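Breakdown of the fold
Spelled out from the first residue to the last, the chains are:
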Amino acid sequence: MKDFKPANNIQDLQYFGEFGGVNPSISDSSTYTFLTAKSMHDTFEGTSEGCYLYSRHTSPSNLYLSQALAALEGSEGANVASSGMGAITPVILQLCGAGDHIVSSRTIYGGTHAFMANFLPKLNIKTAFVNITDLKEVEASITPQTKLIYCESVSNPLLEIANIPELAKIAKKHNIPLVVDNTFMPMILSPIQLGADIVVHSLTKFINGSSDTMGGAICSSQAFIDALKDVNDGASMLLGPALDSLRAASILKNMRTLHIRMRQHSENAAYIAKKFQDDSLKVVYPGLESHPDHALFKSMINNNYGFGGMLTVDVGSLEKANAFMEEMQHQKLGYLAVSLGFYKTLFSAPGTSTSSEISEEEQKSMGLSQGLIRMSLGLDCDISRTYDTMRKIMLQMNII
Ligand SMILES: *Cc1c(COP(=O)(O)O)cnc(C)c1O
């Protein structure tokens, strides 16, 4: 375990509001005045530090949130976006042009997979989808045209664990950046501390945690952040996925409790995972010793936040999965919904929802079965009671 302390880093940041408020003032403007025409020109040329231009570039509220995200990941810089995809797609387009190539894990978020498999070929950018736990395959897939290695720290939905230090070594050797989507594991894993170059997040999930807004983030060197925001050729600036300042302010306030929430999500998920395992169900959870990469995961995580709030369980068939999820919702245990990181447990069958962009054949080859349920455990204060109800339903449905 690592003793990097993301929660402390965030708590040490102090911002005051305009009138000494304990929260920073919200910038309620899309455009900013300049006292002189020269300072406007300098700002456009990028030579005038600390001036605001136009809110697609950045805003005070977005900068506050960016600083908190840089503190979370221990990165030099950060930039926020209107959604996770609004963070991921500019990173890729900033790094790749026509004729370039990507080596990506095959088990990634459905939208990211669809972007690489269906959208990027229109720009003549090709992707090799690899088994990210097979480091030999990763390295063998790199070509002279490869511009980045892409993976999720813990993959969606199969919860495979990326060996970030080893992947970072491969990336360095070939002089390309390692880009890691850390949406499933904020606080718990700090990929940049482990050698990654760029971290992306969907703030829509755990980081905001109240399923009321979308958001995204990129954490990296300041030079890469500046490149993304460049008024002449920056992908974030020119594609325009800007986060609204009001939302940035609300996400920042929710980040103040992220460490407490992550601990509780982890505690509840670990409890349910252990019980499911005792019930002889096929459960995957990074905190279980039965997870093939439990030891690797343990060697990479930060102390104190547990093993995460996500687990998968295979109940045998899509019919059983659907019936189980409908009854769990009926019994108020959670919601049949995509997304994750909510105070209430969320569950879905990835094969027919979030990963449905991936063909059935490909799903089979990567081990994504139809009876698989992905659960994002909520913040239940009495998880043993939650489990007792789950168990009753599973007995009734012959799942156990
Ligand atoms: C949800 C998600 C995304 C996409 O984020 P949005 O905010 O929905 O655009 C990317 N990666 C992972 C792992 C996700 O769970």
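Structure first, text after, so check above.
Keep in mind that this is a model prediction, so the values were computed, not measured.

A separate point is the site of the ligand. Taken together, 14 residues sit near the ligand, with Gly84, Asp181, Ser202, Thr204 and Lys205 positioned nearest. Within the backbone of Gly84, an N or O atom sits 2.8 Å from an oxygen atom of the ligand. Contact between the ligand and Ser202: an oxygen atom at 2.8 Å from a side-chain N or O atom of the residue. Within the complex, the protein chains bury 95% of what would otherwise be the 380 Å² of accessible surface of the ligand.

The 7 strands are arranged 1-7-6-5-4-2-3 in an open sheet whose pairing can be described as mixed. Every other strand in the sheet has two partners, leaving strand 1 (77-81) and strand 3 (126-130) as the edge strands with one partner each. In this sheet, adjacent strand axes meet at a mean angle of 20° when their direction is disregarded. Sheet topology note: the strand 4 (residues 146-152)/strand 5 (residues 178-181) ladder contains 4 bridges and is parallel. Bridge pairing links Glu152 to Asp181 in strand 5. This element, helix 7 (residues 164-173), spans strand 4 and strand 5 of the sheet and lies at about 150° to strand 5.

According to the stated counting rule, one finds 6 aromatic pairs in the structure shown. Ring centres 6.0 Å apart and planes at 35° place the aromatic pair Phe297 and Phe307 in the tilted group. One end of the pair, Phe297, is in helix 12 (residues 294-300); the other, Phe307, is in the loop between helix 12 and strand 9 (310-314), and 10 residues separate them in sequence. Through pairs of rings, three or more aromatic residues link up here, namely Tyr335, Phe342 and Tyr343. Above the plane of the ring of Tyr335 lies Lys344, whose end atom (NZ or CZ) is 5.8 Å from the centre.

The pairing of strand 2 (residues 101-105) with strand 3 spans 5 bridges and is classified as parallel. Note that in strand 3 the partner of Val103 across the bridge is Ala128. Between the parallel elements strand 2 and strand 3, the chain passes through helix 5 (residues 110-119) in a crossover that is right-handed.

Moving on, we come to the packing of helix 11 (residues 258-278) against helix 15 (residues 383-396). In helix packing, the relevant descriptors are the interaxial angle and the interaxial distance, both defined with respect to the helix axes. Look at helix 11 against helix 15: their axes get within 10 Å of each other, and the N-to-C directions meet at 35°. Crossing handedness for the pair helix 11 and helix 15: right-handed. Between helix 11 and helix 15, the contacting residues are Asn268, Tyr271, Ile272, Lys275 and Phe276 on the first element and Ile383, Ser384, Tyr387, Met390 and Met394 on the second. When grouped by side-chain class, the residues that make up the contact of helix 11 with helix 15 number 7 nonpolar, 2 polar and 1 charged.

Looking now at the sheet that holds strand 10 (residues 334-336). Note on sheets: strands pair through backbone hydrogen bonds, and any given pair is parallel or antiparallel. Pairing is mixed in the open sheet, where 5 strands are placed in the order 8-9-12-11-10. Two strands in the sheet have a free side with no partner beyond their single neighbour: strand 8 (282-284) and strand 10. Averaged over all neighbouring strand pairs, the angle between strand axes comes to 20°, with direction disregarded. In terms of strand pairing, strand 10 meets strand 11 (residues 345-348) through 3 bridges, oriented parallel. In the sheet register, Gly334 faces strand 11, and the bridge partner there is Thr345. Sitting on the sheet, helix 13 (residues 318-330) is in contact with strand 10, strand 11 and strand 12 (372-376), with an inclination near 135° to strand 10.

What counts, and where the lines are drawn
- Residues numbered from 1 in each chain as written.
- Predicted model: local features only at pLDDT ≥ 70, side-chain atom pairs only at ≥ 80, totals over all residues.
- Heavy atoms only, no water.
- Near = heavy atom within 4 Å.
- Polar contact = N/O pair within 3.5 Å; in protein donor to acceptor, adjacent residues only side chain to side chain.
- Areas by Shrake-Rupley, 256 points an atom, 1.4 Å probe, with all protein chains shown as cover.
- Pairing = 2+ DSSP bridges.
- Helix = DSSP H or I, 4+ residues; strand = E, 2+ residues; numbered from the N terminus.
- Axes fitted to C-alpha atoms, helices over the stretch in contact; angles between N-to-C directions.
- Contact = heavy atoms within 4.5 Å.
- Phe/Tyr/Trp six-rings, centres within 6.5 Å; stacked < 30°, edge-to-face > 60°.
- Lys NZ or Arg CZ within 6 Å of the ring centre and 35° of its normal.
- Right-handed = clockwise from strand over helix to strand, strands pointing away.
- Left-handed = near helix turned anticlockwise from the far one by under 90°.
- Nonpolar A, V, L, I, M, F, W, Y, C, P; charged D, E, K, R; others polar.

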